[in-house]
Amino acid sequence: MPGRPPLRAAPRHPHRRRGHPPAGRRAVACALVLEREWTPPGPYDLRRSVGVLRRGPYDPAFRVDRRGAVWRATRTPHGPATLRLAQLRPRVTAAAWGPGAPWLLDRLPVLLGAGDRPEEFTAHHGPVAEAHRRHPGLRLIRTGRVLEALIPSVLEQKITTEEAYRAWRLLLRRFGEPAPAPAPGTPDAEAMPPGMRVMPDRRTWLSIPSWEWHRAGVDGKRSATVLRAVRLAPRLEQAAAMELPDALARLQLVPGVGPWTAAEVLQRSNGAADAVTVGDLHLPGIVGHALAGRREADDAEMLRLLEPYAGQRYRATRLILLSGVSPPRRAPRMRRWDIARL
């Protein structure tokens, strides 16, 4: 790619055997780290842009260290990788470990939102304009990995976010792979948050017994949807290169994947600026309240109110959520049902 700085391989200290935990319980230490930098074309907010990939405060695949650097464990087409991102304005510096590190850093600008066009967005409502002014560094990221976004989105169907985050956390801790780690004794190894895990591979997902899904609080309908998606993963991953209508249609060919889930996936895998989430319990009321004082708005009214933002409706909803303008709660929170106790 013309103009792209080469990846830099930085040798690290050799592995040390003393004090290593038993095999299978530790991350694979990597003596080689690849590094790269990217300078955004304008204001950039790293934490807020990539934060949509975090599935709860204890996500084993996404952590923030004590210095504010973002750590992400992911599964690439070439294997697992760990990515560390740090913002040193105006640059973002990245380091990666593991078999998938070259693939991950080769497309680093795309991941961080280089293909996004926030300058094309025009605010038509006061709360949206104010949020856009306060958060000029928000960019829509693009991971290019569909299954990685699809599985946790399926887990979030029709339950509380707390339950969904717990299920994702338990499944990764039980069946995920330890994230590739920096070589012991290096500053990177000391800074890496402990317990990071890479999402299971396809074979492992398919081998999870029914009682383990139950123990994680995932009912049969959602686990069956995950397994269908895993079996169709090669075709679903093709959606990462499709236009939004075709990508939505491709994902919804999987029984159990509807418009809500498909939009949530493509917002992350494709950076789809117009992938507005429909079928959400709270979003229509939040949008209706912010744009028209209509807290009882449904999906149809939400889409009507978002018509001025055609092509950028997902960005508009992100800004509305960032504005903090939301209707006061009237009903108690949804009751949490722990099916693992049944």
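Since the structure is predicted, the reported quantities are computational estimates derived from the model, not experimental observations.

Q: Even after reading the chapter, I still don't get the packing of aromatic side chains, so can you show me in this structure?
A: Each aromatic ring pair is characterised by the separation of its centres together with the angle its planes make. For the structure on display, the rule yields 4 aromatic pairs. With centroids separated by 5.6 Å and ring planes inclined at 10°, the aromatic side chains of W71 and W97 adopt a geometry described as stacked. Here W71, found in strand β5 (residues 70–76), pairs with W97, found in strand β7 (residues 91–97); they are 26 residues apart in sequence, far enough to count as distant. By the burial criterion, W71 is buried, and W97 matches it. Seen from their ring centres, F121 and Y309 are 5.5 Å apart, and the 10° between their planes marks the pair as stacked. Placement of F121 in the loop between α3 (108–112) and α4 (126–134) and of Y309 in the loop between α15 (299–305) and α16 (313–323) is noted, with a sequence separation of 188 residues between them. For the pair shown, F121 and Y309 are each scored as buried. Just above the ring of W103 sits the side chain of R145; from NZ or CZ to the centre is 5.8 Å.

Q: Just checking my understanding: could you explain empty space enclosed by the protein for this structure?
A: Over the atoms rolls a probe the size of a water molecule, and its path tells where empty space is left. Inspection of the entire model under this criterion finds 4 cavities of 30 Å³ or more. Reported here for the largest cavity is a volume of approximately 160 Å³. Around the largest cavity sit 15 residues that line it, and L53, A61, R72, E148 and W168 are the ones nearest its centre. Residue assignment for the lining of the largest cavity shows that the elements contributing at least two residues are β5 and α5 (146–155).

Q: Just checking my understanding: could you explain the pairing of strand β3 (residues 32–38) for this structure?
A: A regular strand places its side chains on the two faces of the sheet in alternate fashion. Among the 7 residues of β3, 5 are classified as buried, and the element is accordingly described as predominantly covered. The sheet contact formed by β3 and β7 spans 5 bridges and is antiparallel. Bridging across to β7, E37 finds its partner in T93.

Q: How should I be thinking about the nonpolar core in this particular structure?
A: What tends to happen in soluble globular proteins is that the nonpolar side chains get buried as a cluster. Core analysis: the biggest nonpolar cluster contains 38 residues, and L147, L150, I151, L171, W205, W213 and L251 have the highest contact counts within it. Among the elements that take part in this core, α5 stands out by supplying 7 residues, more than any other. Apart from the residues within four sequence positions on either side, W205 is in contact with I151, W168, L171, M199, P200, W213, L227 and V230. By size, the runner-up hydrophobic cluster in this structure holds 25 residues, among which are L46, V52, A96 and L140.

What counts and how
Residues numbered from 1 in each chain as written. Predicted model: local features only at pLDDT ≥ 70, side-chain atom pairs only at ≥ 80, totals over all residues. Heavy atoms only, no water. Phe/Tyr/Trp six-rings, centres within 6.5 Å; stacked < 30°, edge-to-face > 60°. Helix = DSSP H or I, 4+ residues; strand = E, 2+ residues; numbered from the N terminus. Buried < 20%, exposed > 50% of the residue type's maximum accessible area, 1.4 Å probe, protein only. Lys NZ or Arg CZ within 6 Å of the ring centre and 35° of its normal. 1 Å grid on protein atoms, 1.4 Å probe; cavity = no way out; pocket = protein on both sides within 12 Å on 5 of 7 lines; lining within 4 Å. Points joined across faces, edges and corners; volume = space filled by probe spheres on them. Pairing = 2+ DSSP bridges. Core = buried A, V, L, I, M, F, W, Y, C linked by side-chain atoms within 4.5 Å. Contact = heavy atoms within 4.5 Å.

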